[in-house]
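# Structural characterization, general
If you want the building blocks of each chain, they are given just below.
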Amino acid sequence: MLKDSLLVEGGHPLYGKVRVSGAKNAGLVLMTASIMADGETILDNLPRIRDVEVMIQILNDIGAKSKWNEDGSLSICSPAGSLKNPTSYELAKKLRASNLFLGAMLGRQAEAVVSLPGGCDIGSRPMDLHLKGVQALGAETQIEHGYIYASMKHGRGGRVYLDFPSVGATENIMMLAAKTPGITIIENAAKEPEIVDLANFLNAMGAKIRGTGTDVIKVEGVEELKAIRHAIIPDRIEAGTFMVAAAISGGEILVENVIPTHLHPVVAKLKEMGAFVEENDQGILVRAGEKVMPVDIKTLPYPGFPTDMQSQMMALLCLSRGSSIIVENVFENRFQIVDELNRMGAKIKVEGHTAVVEGVKTLYGTRVKATDLRAGAALVLAALAARGQTVIENAIHIFRGYENLSEKLNQLGAKVQ
Ligand code: EPZ
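The rules we used
- Along each chain, residue indices are assigned from 1 in the same order as the chain's sequence is written.
- Whole-chain, interface and lining totals are the exception, using all residues; otherwise, since this is a predicted model, local features are given only for residues with pLDDT of at least 70 and side-chain atom pairs are given and counted only at 80 or more.
- Side-chain measures here rest on the full set of heavy atoms in the structure, leaving out hydrogens and waters.
- Any residue with a heavy atom lying within 4 Å of a molecule or strand is counted as near it.
- Any pair of nitrogen or oxygen atoms within 3.5 Å is treated as a polar contact; in protein, a donor-acceptor pairing is required on top of that, and neighbouring residues in sequence qualify only through side-chain atoms on both sides.
- Note on areas: Shrake-Rupley, 1.4 Å probe, and residue coverage restricted to the protein chains presented here.
- The way it works is that DSSP assigns letters per residue, a run of H or I at least four long becomes a helix, a run of E at least two long becomes a strand, and they are numbered from the N terminus.
- Note on residue categories: nonpolar means Ala, Val, Leu, Ile, Met, Phe, Trp, Tyr, Cys or Pro, charged means Asp, Glu, Lys or Arg, and polar means any other residue, Gly included.
- Bear in mind that the domain bounds are from an automatic or database domain assignment.
- For each residue, the accessible area found with a 1.4 Å probe, counting protein chains only, is set against the maximum for its type, and the residue is called buried under 20%, exposed over 50%, and partly exposed in between.
- Strands were regarded as paired on the criterion that DSSP finds at least two bridges between them.
- Lines fitted to the C-alpha atoms define the axes, with helices restricted to the stretch that makes contact. Angles between their N-to-C directions range from 0 to 180 degrees.
- Any two residues whose heavy atoms approach within 4.5 Å are treated as being in contact.
- In the sections that follow, a salt bridge refers to a side-chain nitrogen of Lys or Arg positioned within 4 Å of a carboxyl oxygen of Asp or Glu.

## Here we look at the site of the ligand
Close to the ligand lie 22 residues, the nearest being D128, L129, S166, D308 and V330. Within the side chain of R374, a nitrogen or oxygen atom sits 2.9 Å from an oxygen atom of the ligand. Contact with the protein chains removes 87% of the 820 Å² of surface that the ligand exposes when unbound. The element best represented in the shell around the ligand is helix α5 (residues 128-136), accounting for three residues. In terms of residue class, the shell around the ligand is made up of nine nonpolar, six polar and seven charged. Each of domain 1 (6-21 + 234-416) and domain 2 (24-231) gives at least three residues to the shell around the ligand.

Now the structure itself:
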């Protein structure tokens, strides 16, 4: 049904400038961390996207009253005393990030009940590293009927080695450690910018966290955290998505409100592919090259090439002058978009974690469906360059993580509705 579909007319090069919204993956964890302080937390630069609205429902559900203010900021008021567990399965199913209540609730009130996240379209989303981390700090956990029940009697700081630098596990352990007496060391920690933003937020609340952005994070537990006001960092994945939009549509876009260091892997690859990319004091300017050169891409934890930009790059490589190899090292099943792109005339073959993209001259508009947030965004990008009209079904996935995407694209000259 057209209701939650996007209709894109291809062939219009995009020109102009676009301002990137606040980062979804920083906003969601900061909204969760805010319950670790009583009183009113105010978050600025939070994107009005579906995932944020679902998180607002969850916060209200557990008793942390949340509402948008006139000035566009979000207020989250956590009362003194206990918040309600568990977050409802219905809501938790809609939002993987609800698993971050494990660390925040344990840190706030020494008990937590979170739903094991349902599988999603990019692979099963295990929580073994989250559990290993909170157990190292003294939490007792058990899993029943699809929920994790956790409690802390005598928490003590501890040392945790993460077999994989999991973003969510690092965030859960950091939040719990912030309020756990003693010193906690997290080794092989995730280094994403969203982790650094979380540490800045918690430290401004009174926490003592050092080393985020490196492999080893050191946390000294404190008694109490205070509610503060904080502005979310810009969304590096939304920024990267618009940078690819310039390259794939044959236009030129100035992407404003970005932190250039967060985009180095994407900038490097776009330059290798023949685009003109320049960082200036307003943001990052991207102009399409004469042609798209084939490149190889391996996704890795930050500062490697981000998995959340893999589908967008695949769409662009479909129109390159040669063969490219994409290796997805972070998620086990993040090539769902391949079948949809091949329906548009692309030539992509998948072997396990590797996709071989043979460039074609033209993509053709047709009916396709979004399987996850970033695949959906990548289909919009392919549709911008395709001949004719493309209908993207299940567009709800796209609205989960992109604020006003159609409006932003149309003001750059696209024809999206
Ligand atoms: C965060 O997910 C992001 N989501 C994802 O963005 C992003 O793709 C991912 O980090 C990687 O950068 C949010 O921040 C809300 P992980 P997260 O734990 O924390 C395995 C988007 O499109 N793993 O770093 O769930 C896991 O299976 C979304 O915005 C374990 O094995 O990612 C996966 O293969 C998609 N055991 C890999 O680690 C664990 O206990 C990376 O997962 C935890 C994870």
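Having seen the model, we can carry on.
## Observations concerning helix α12 (residues 373-385)
For α12, the tally of buried residues reaches 12 of 13 residues, placing the bulk of the element in the interior. Taken residue by residue, α12 has L373, R374, A375, G376, A377, A378, L379, V380, L381, A382, A383 and L384 as its buried positions. The residue sitting at the N-terminus of α12 and contributing the capping side-chain oxygen is D372; that oxygen lies 3.0 Å from the backbone nitrogen of R374.

## Structural notes on the sheet that holds strand β12 (residues 216-220)
What the four strands build is an open sheet, ordered β9-β10-β12-β11; its pairing is mixed. Both outer strands of the open sheet, β9 (159-161) and β11 (208-210), are each paired with one neighbouring strand and no more. Taking each pair of neighbouring strands and ignoring which way they run, the sheet shows an average axis angle of 15°. Two elements, β9 and strand β10 (residues 183-187), share three bridges in a ladder whose sense is parallel. Paired with R159 across the two strands is I185, which belongs to β10. In the packing of helix α7 (residues 193-204) onto the sheet, the strands contacted are β11 and β12, and the crossing angle to β11 comes to about 150°.

## Describing the pattern of salt bridges
Summed over the entire model, instances satisfying the criterion amount to 17 salt bridges. Here K132 ties to D163 by a salt bridge, and the two come within 2.9 Å at their closest N and O atoms. Within this pair, whereas K132 is found in helix α5, its partner D163 is found in the loop between β9 and α6 (167-178), the two being separated by 31 residues in sequence. We note a salt bridge from E272 to K269, for which the minimum N-O separation is 3.0 Å. Remark: K269 and E272 occur in helix α9 (residues 264-272); sequence separation between them is three residues, near one turn of the helix. Relative accessible area serves as the criterion here: at 43%, E272 is assigned to the partly exposed category. When salt bridges that share partners are traced, they join K24, R50, D51 and R400 into one network.

## Regarding the side chain of T180
Looking at the element boundaries, T180 is found in the loop between α6 and β10. In terms of polar contacts, T180 uses its side chain to reach the backbone carbonyl oxygen of L176, at 2.7 Å. Ignoring anything within four residues of it in the chain, the contact list for T180 reads L137, M152, G155, R156, G157 and G221.

## Regarding the sheet that holds strand β14 (residues 252-256)
Strand order in the open sheet formed by four strands is β2-β14-β16-β15, with mixed pairing between adjacent strands. With partners counted over all chains shown, the strands left at the sheet margins are β2 (15-19) and β15 (276-280), one partner each. Geometrically, the sheet is characterised by an average inter-axis angle of 15° between neighbouring strands, direction not taken into account. Here β14 pairs with strand β16 (residues 283-287) via five bridges, running antiparallel. Residue L254 lies in a different strand from β16, and its bridge partner there is L285. Helix α8 (residues 236-249) rests against β2, β14 and β16 of the sheet, and its axis sits at about 170° to β14. Along the sheet, α9 makes contact with β15 and β16, crossing β15 at roughly 145°.

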